[in-house]
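# Structural overview for review
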Amino acid sequence: MSNNLKKTMNFSQALSTVMGIVIGAGVFFKISSVASSTQSASLTVFVWVLAGLLSIASGLTVSELATALPVTGGPTKYIEYTYGKPAGFLFGWSQMAIYFPANIAALSIIFGEQFASLFGISQSLIVPIALIVSTSIMLLNFVGNKVSGKLQSITMIAKLIPIVLIIGFGLFKPSPVNPSLFPITSGEGTPFFTALSGGLLATMFAYDGWINVGNMAGEMKNPKKDLPRAIILGLSLVTLIYVLINYAFVSALPVDQLAGNGNAAFDSSRLFFGEFGGRLVTLGILVSVYGTINGYTMTGIRVPYTLASNGSLPFSNAFKKLNKSGAPYISGLFTLAITFIMIFLGSFNLLTDMLVFVIWSFTTLLSIGVIVLRKREPELERPYKVLFYPVIPAISILGGLFIVVSTLITQFELSLIGILVTLIGLPIYFYQKRKNEKSS
């Protein structure tokens, strides 16, 4: 497989990249929806472990495609190679129309909620704050990669500070609550399956991003050895961090005070550090959220640009336009417009649940694709083969199906919206295909 990327990345660099991609803002704010679903401290902590194991299995599985396929372009191209161009376009379309705008919108909303709580201002200002945040970050990205890249580096450091403080104080400071972690049960009157599926769906947002770790394969010195090690160790450490943070939360507040409490991280921080210290930690979390939004914006505005570069979108010439700084500003304005609509119509949990449902629908297809290609192209060179095949892919597929099917059952309307918006991409694809054929 020919590759122009320089193979300079060693194991430690790969490990830090895995953790940097995955650790985001979700861990601070999903505790409320997880606790609402589980109504139990034991199941709340358990679903974070389960989500981590599922992410590890899926990361190991999808990485086989990343190291084997003679294509560039990430998961979109893997799906296209395995299932055909319409499927590949649908994944790109779903990222462009749902995944990235929903991420930006959801995080902008939670920024507004936390900002309003931190400074004691009216909740009616949450939406205007969210609009200002998403717009300001988009404008920073229009200035160019250097500015947005520096912002990403600064906020990467900032996100680690509240994590370390919450874990440190949560583990060693006397706890007002003594949570029981065993046996693992749901709350009284809450069916276990419903509690497990709802809690797992909520936690998966915090692990979001691992699907991109396989893209490092072409830059690694020894992907066969280092890629699985980086995924296993990196996602294991992320899982440990997430479990410890959530243990700190359930140790600070009873489950009934965490459930539905959008300010759970703020309230827990005040218990750990006092009023002033809690506000400082929450301010650090806000900086982290701002950086996470920037990361999704940097990547998200390049999806329409990439699709347009292939002539796959109507008005491709417009989407391909770059400003003087080299930023795809039309693609950015399109992303911002969808983000605005989602900010007005959605909520943090609604938007994150929908994007997890959509992304895991395609993630499951990627895991199935590993088995499909093993049978269809046994001669394909695979620098890395998934460990314990077919057990690990089976875990990934079954876990993905559990997320998708349980969401369909428990949140049918939300699932239907995600499916319909994704399927809108089909007529767009075939319309543009016919148009390209006529013009050629």
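Above this text you will find the structure in question.
Conventions used here
Residues numbered from 1 in each chain as written. Predicted model: local features only at pLDDT ≥ 70, side-chain atom pairs only at ≥ 80, totals over all residues. Heavy atoms only, no water. Helix = DSSP H or I, 4+ residues; strand = E, 2+ residues; numbered from the N terminus. Rg over C-alpha atoms; globule rule 2.2 N^0.38 Å. Buried < 20%, exposed > 50% of the residue type's maximum accessible area, 1.4 Å probe, protein only. Contact = heavy atoms within 4.5 Å. Areas by Shrake-Rupley, 256 points an atom, 1.4 Å probe, with all protein chains shown as cover. Lys, Arg positive; Asp, Glu negative; His and termini not counted. Charge placed at Lys NZ, Arg CZ, Asp CG, Glu CD. Patch = residues over 30% accessible without salt bridge, like charges linked within 9 Å, V, L, I, M, F, W, Y side chains within 5 Å. Salt bridge = Lys/Arg side-chain N within 4 Å of Asp/Glu carboxyl O. Phe/Tyr/Trp six-rings, centres within 6.5 Å; stacked < 30°, edge-to-face > 60°. Axes fitted to C-alpha atoms, helices over the stretch in contact; angles between N-to-C directions. Parallel < 35°, antiparallel > 145°, perpendicular 65-115°, else oblique. Left-handed = near helix turned anticlockwise from the far one by under 90°. Nonpolar A, V, L, I, M, F, W, Y, C, P; charged D, E, K, R; others polar. Polar contact = N/O pair within 3.5 Å; in protein donor to acceptor, adjacent residues only side chain to side chain.

## Quick word on the overall build of the protein chain
Summing up its helical and strand segments, the protein chain has 19 helices and zero strands in all. Its C-alpha atoms give the protein chain a radius of gyration of 21 Å, within 12% of the compact-globule value 22 Å for 440 residues. Counting only C-alpha atoms and orienting by the principal axes, one finds that the protein chain spans roughly 70 × 50 × 45 Å. The buried share among the 440 residues of the protein chain stands at 55%. Residue pairs at least 24 apart in sequence account for 83% of intrachain contacts in the protein chain once pairs closer than 6 positions are excluded. Accessible surface computed for the protein chain: about 18400 Å², of which carbon and sulfur atoms make up 67%. Averaging the positions of the 28 positive and the 16 negative side-chain charges in the protein chain gives two centres separated by 12 Å.

## Some words on unusual backbone geometry
With an omega dihedral of 0°, the bond running from Phe 182 to Pro 183 counts as a cis peptide bond. Tracing the backbone shows Pro 183 in the loop between α8 (145-172) and α9 (192-206). Here the residue pair Tyr 389 and Pro 390 is connected by a cis peptide bond, since its omega of 5° sits within 30 degrees of zero. Examined against the element boundaries, Pro 390 turns out to sit in the loop between α16 (348-376) and α17 (391-410).

## Quick word on a nonpolar patch on the surface
A grouping of Phe 193, Leu 398, Leu 401, Val 405 and Ile 409 is seen on the molecular surface, where their side chains present a nonpolar patch of about 480 Å² in accessible area. Looking at the nonpolar patch, the element that brings in the most residues is α17, giving four residues. Note on placement: Phe 193 falls in helix α9. What makes Phe 193 partly exposed here is its relative accessible area of 41%.

## Some thoughts on the packing of aromatic side chains
Under the defined criterion, the tally for this structure stands at 20 aromatic pairs. A centroid spacing of 5.5 Å and a plane angle of 40° characterise the contact between Phe 89 and Tyr 429, whose relative ring orientation is tilted. With Phe 89 in helix α6 (residues 85-119) and Tyr 429 in helix α19 (residues 425-439), the pair connects residues that are 340 residues apart, well separated along the chain. When sorted by exposure, Phe 89 lands in the same class as Tyr 429, which is buried. When the centroid spacing of 4.8 Å and the interplanar angle of 80° are considered together, the rings of Tyr 99 and Phe 100 count as edge-to-face.

## Here's the deal with the packing of α6 against helix α12 (residues 264-300)
Look at α6 against α12: their axes get within 9 Å of each other, and the N-to-C directions meet at 155°. In terms of axis orientation, α6 runs roughly antiparallel to α12. Between α6 and α12 lies a crossing of left-handed hand.

## Observations concerning the environment of Ala 230
Within the element layout of this structure, Ala 230 appears in helix α10 (residues 223-252). Residue classification places Ala 230 among the buried positions, given a relative accessible area of 0%. Spatially, the C-alpha atom of Ala 230 lies 4.7 Å from that of Leu 15, the residues being 215 residues apart in sequence. Setting aside its immediate chain neighbours within four residues, Ala 230 contacts Phe 11, Ala 14, Leu 15, Val 18 and Leu 235.

## Topic: the packing of helix α7 (residues 126-143) against helix α15 (residues 329-345)
As a packed pair, α7 and α15 sit with axes 11 Å apart at the nearest point and diverge in direction by 170°. In this view, α7 runs roughly antiparallel relative to α15, as classed from their interaxial angle. Between α7 and α15, the residues in contact are Val 127, Ala 130, Leu 131, Ser 134, Thr 135, Met 138 and Phe 142 and Tyr 329, Gly 332, Leu 333, Thr 335, Leu 336, Thr 339, Phe 340, Ile 343 and Phe 344, respectively. Its residues assigned to classes, the contact of α7 with α15 comprises 11 nonpolar, five polar and no charged.

## Focus: the environment of Tyr 207
Here Tyr 207 lies in the loop between α9 and α10. Separated by 151 residues in sequence, Tyr 207 and Ile 56 have C-alpha atoms that sit 10.0 Å apart. In this view, Tyr 207 contacts Val 22, Trp 48, Ala 51, Gly 52, Ser 55, Val 238, Thr 239 and Tyr 242; residues no more than four positions away in its chain are not counted. Within polar-contact distance, the side chain of Tyr 207 engages the backbone oxygen of Trp 48 at 2.7 Å.

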